[in-house]
Amino acid sequence: MKEKSWVIHPVLFAVYPVLFMLSHNISELSVRIVRFPLFITLLFFSLIWLTLYFVLKNKYKRGLIISLFFFSFFSYGHIINFLFRGKDSILYLLLYLSFIAVLIYLIIKTKKELLNFSKILNYISIFLVIFSVFNITYYEIKNRSKQRVINQDTSTIKITRKDKTEYPDIYYLIFDRYTSSENLLNFLGFDNSDFENYLKNKGFFISSKCRANYPYTFLSLASSLNMEYINYLFDIAGSHSTDRTPTYILLRNSKVVRFLKSIGYKYYHLGSWWGPTSKSEKADKNFIYPNKIKIDLDEFSFKLFKTTIAYSAVLNFFPNLLFNKDEKNVANIDANRILYKFNQFKHIPYKRGPKFIFAHFLSTHPPYYFDKSGQMLTKDQLLNKIDKNTWGCKKEIKLYLESIEFTNTKIKELVSNILSNSSNTPIIIIQADEGPVFKNWTKNRSKYLYMRTGIFCALYFPNVDKKRLKRLTTPVNIFRFVFNHYLGASLPYFNNIVYRYKSRKDIYSFKNITRLFRKKRHRIKQIKKKKMINQ
């Protein structure tokens with residue numbers, strides 16, 4: 001009797017790349033994010049299997065071809081990155097496809113018995129999938145079970161103003177890594193006073209001493225949007241944790257959003273490519289840039305797609321299917337996404353009812369997409385993200401400062417549109433989440449932390465004595481002030497404290513570094529004397 005064996009390796013090799021990517025990024029992602037790529041992968045697998053079923057009767061050859069296909073399909077991007085530092089070309093793609101075609105031809109023509117080889121592939125694929133699933137499951141059990149006491153209660157916020165017609169529109173505009181004007185002048189020699197004077201003439205208060213409570217985006221926004229210090233996450237995640245998901249929970253279910261929606265506000269969300277702010281399930285409308293990819297791919301799915309042959313084929317042969325006419329690469333999509341968000345503020349002020357608008361802009365974040373005149377940079381002009389040793393060099397500082405000038409111009413347009421077209425007086429918070437991360441400045445800890453914690457912050461709070469706003473030197477109290485003054489709440493204020501985590505492998509063990517900035521002028525003078533400024 002002829003020995004037979006199950007052929008299960010094709011479906012396992014098909015799903016493995018998705019599980020592998022999730023297992024290596026599980027500390028930053030939710031398991032739910034793989035539902036869409038897994039569905040597409042299994043659908044693709046089913047179509048290929050059914051096609052080959054009627055063409056090729058030998059199940060071992062059929063299975064081997066399918067496994068080879070999915071392995072090569074998801075490996076192409078990794079091979080190009082490893083061998084050619086990500087520089088793809090039509091020649092590389094054609095050579096790769098030709099090699100695969102030869103292998104498939106040899107499989108079809110071979111007269112060898114493939115039973116034992118199929119068994120080996122079964123064992124290998126089972127091991128790979130089980131290993132990834134084990135990593136995911138272990139992490140879920142170890143870390144997610146600790147997320148038990150994250151405070152999501154907003155019922156304690158009591159307000160005295162009940163008339164919705166009196167509620168102001170609230171704009172919370174985050175410009176990632178836009179450092180304070182003081183830092184721009186002292187460390188980079190850039191005078192930002194013209195822009196600040198423009199805002200002051202419009203009625204803004206510039207919080208010149210403002211610093212991030214936590215100079216890291218995921219911690220900073222989780223804190224400001226929940227109006228609290230989040231040191232209690234140490235008790236939830238434990239020491240030596242790298243699990244960012246507790247902060248993502250706070251971001252996606254923030255107290256600010258839930259409270260405002262509970263009293264009748266509409267929520268409009270303008271996110272970035274960064275997963276936690278890309279879109280919000282609680283938003284009444286997500287403003288998403290309508291590029292040529294009709295399906296709105298999240299960051300995980302798009303990164304997975306970029307590893308495939310399909311992405312290279314479209315990029316090389318049919319770029320118009322993927323990009324608009326002025327989009328020659330992904331950087332252009334990201335740049336157009338920024339412009340799209342700015343343009344929405346020509347229309348948002350006209351929307352009825354009290355509304356809360358959250359926008360996360362990456363115009364001052366690497367790789368810096370625009371020059372100071374607003375021209376979109378080419379791929380070769382962008383900051384080299386592969387060679388991270390260049391971060392903080394003359395090239396980056398030049399690009400960073402030009403991105404500041406570009407952003408200033410767009411903010412002026414944005415502010416003008418909001419103030420001119422709002423039916424009732426709005427509240428506008430223009431704020432950074434953290435300062436720039438110039439990697440080769442890390443040897444001088446004081447200088448690095450000055451830049452990293454110092455953030456731009458401009459507040460348009462009408463009918464408020466500007467002297468009262470001087471207390472708002474960190475973001476944690478900003479929404480407490482807004483709710484107290486404009487909605488009649490009575491929330492207590494926190495002391496302004498700046499924290500940093502101990503290390504990337506212990507992100508919830510915080511150290512209070514507020515004292516570093518108290519003797520500000522003396523410290524800056526000392527730093528300058530050491531001649532550590534890289535321009």
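Everything below is about the structure printed above this text.
Below is a short write-up of the structure. Predicted model, so just to flag it, every value in this text is computed and none were measured. (Residues numbered from 1 in each chain as written. Predicted model: local features only at pLDDT ≥ 70, side-chain atom pairs only at ≥ 80, totals over all residues. Heavy atoms only, no water.)

**Observations regarding the overall build of the chain**
Secondary structure assignment for the chain yields 20 helices and 9 strands. Accessible surface, the chain: about 26500 Å² in total, of which carbon and sulfur atoms supply 57%. (Helix = DSSP H or I, 4+ residues; strand = E, 2+ residues; numbered from the N terminus. Areas by Shrake-Rupley, 256 points an atom, 1.4 Å probe, with all protein chains shown as cover.)

**Some thoughts on the sheet that holds strand E7 (residues 457-460)**
Within a sheet, each strand pairs with its neighbour through backbone hydrogen bonds, oriented either parallel or antiparallel. Read across the sheet, 7 strands follow the order E2-E7-E6-E1-E5-E3-E4 without closing on themselves; strand pairing throughout is mixed. Two strands bound the open sheet, and with one partner strand each, they are strand E2 (205-206) and strand E4 (285-286). Pairing of strand E1 (residues 170-175) with strand E5 (residues 355-361), which is carried by 6 bridges, proceeds in the parallel orientation. Its bridge partner lying in E5, Tyr171 is registered against Ile357. The strands that helix H11 (residues 255-262) touches are E1, strand E3 (266-270) and E5; relative to E5, the one it contacts most, it runs at about 155 degrees. (Pairing = 2+ DSSP bridges. Contact = heavy atoms within 4.5 Å. Axes fitted to C-alpha atoms, helices over the stretch in contact; angles between N-to-C directions.)

**A word on unusual backbone geometry**
Put simply, Pro366 and Pro367 share a cis peptide bond, and its omega is 10 degrees. Tracing the chain through its elements places Pro367 in the loop between E5 and helix H17 (394-421). Residues other than glycine seldom take positive phi values, yet Met227 does so here, at roughly 55 degrees. One can find Met227 in the loop between helix H8 (217-224) and helix H9 (233-237). Its identity as a non-glycine residue notwithstanding, His240 has a phi of 55 degrees, on the positive side. With respect to the element layout, His240 can be found in the loop between H9 and helix H10 (245-252). We classify His240 as exposed; its relative accessible area is 62%. (Buried < 20%, exposed > 50% of the residue type's maximum accessible area, 1.4 Å probe, protein only.)

**Here's the deal with the environment of Tyr76**
Within the secondary structure, Tyr76 sits in helix H3 (residues 59-84). Counting along the chain gives 230 residues from Tyr76 to Lys306, while the straight-line C-alpha distance between them is 9.2 Å. Not counting residues up to four positions away in its chain, the partners in contact with Tyr76 are Asp88, Ser89, Tyr92, Leu93, Tyr96, Thr307, Thr308, Ile309 and Ser312.

**So, the nonpolar core**
Residues Phe356, Phe461 and Phe483 are the most contacted members of the largest nonpolar core, which totals 119 residues. Here the element with the most residues in this core is H17; it accounts for 10 residues. Once you skip the residues sitting within four places of it in the chain, Phe356 turns out to touch Ile170, Tyr172, Leu225, Val256, Val257, Leu260, Tyr265, Lys266, Tyr267, Tyr268 and Phe479. Core analysis: the second largest hydrophobic core is formed by 34 residues, Phe45, Leu64, Ile66 and Phe74 among them. (Core = buried A, V, L, I, M, F, W, Y, C linked by side-chain atoms within 4.5 Å.)

**Side note on the packing of helix H4 (residues 90-109) against helix H14 (residues 309-317)**
At their nearest, the axes of H4 and H14 sit 10 Å apart, and the two run at 135 degrees to each other. If you check the angle between H4 and H14, you find them oblique. The interaxial crossing formed by H4 with H14 has left-handed handedness. Residues Ile90, Leu93, Leu94, Tyr96, Leu97 and Ile100 of H4 touch H14, and the partners they reach there are Ile309, Ser312, Ala313, Asn316 and Phe317. Split into classes, the residues belonging to the contact of H4 with H14 amount to 9 nonpolar, 2 polar and no charged. (Parallel < 35°, antiparallel > 145°, perpendicular 65-115°, else oblique. Left-handed = near helix turned anticlockwise from the far one by under 90°. Nonpolar A, V, L, I, M, F, W, Y, C, P; charged D, E, K, R; others polar.)

**Section: the packing of aromatic side chains**
Here the structure, examined in full by the defined rule, presents 52 aromatic pairs. Pairing Phe204 with Tyr460 gives two aromatic rings, centres 5.2 Å apart and planes at 50 degrees, and the pair type is tilted. In this pair, Phe204 sits in the loop between helix H7 (193-201) and E2 while Tyr460 sits in strand E7, placing the two residues 256 residues apart along the sequence. An angle of 20 degrees between the planes, with centres 4.2 Å apart, marks the rings of Phe370 and Phe406 as stacked. Of this pair, Phe370 sits in the loop between E5 and H17 while Phe406 sits in helix H17, placing them 36 residues apart in sequence. Residues Phe370 and Phe406 agree in their burial class; the two are buried. Ring pairs connect the aromatic residues Tyr171, Phe175, Phe342, Phe345, Phe361, Phe370 and Phe406, which therefore count as one cluster. One Lys or Arg, Arg211, reaches over the ring of Phe517 and ends 4.1 Å from the middle of that ring. One residue, Lys412, lies across the ring of Tyr198, its end atom 5.4 Å from the ring centre. (Phe/Tyr/Trp six-rings, centres within 6.5 Å; stacked < 30°, edge-to-face > 60°. Lys NZ or Arg CZ within 6 Å of the ring centre and 35° of its normal.)

**Observations concerning the pattern of salt bridges**
For the structure on display, the rule yields 8 salt bridges. A salt bridge links Glu402 to Lys398; the shortest N-O distance between them is 3.0 Å. Of this pair, Glu402 and Lys398 both sit in helix H17, 4 residues apart, which is roughly one turn of the helix. Look at Glu402 and you get buried, because its relative accessible area is 14%. One salt bridge in this structure joins Glu413 and Lys410, with 3.2 Å as the shortest N-O distance. With Glu413 and Lys410 both in helix H17 and 3 residues apart, this pair spans about one turn of that helix. By relative accessible area, Glu413 is classed as partly exposed at 40%. Lys410 sits in the buried class, given a relative accessible area of 13%. Overlapping salt bridges bring together Arg177, Glu434 and Arg452 as one network. (Salt bridge = Lys/Arg side-chain N within 4 Å of Asp/Glu carboxyl O.)

Honestly, that's just the spatial picture; any functional story needs more than this.
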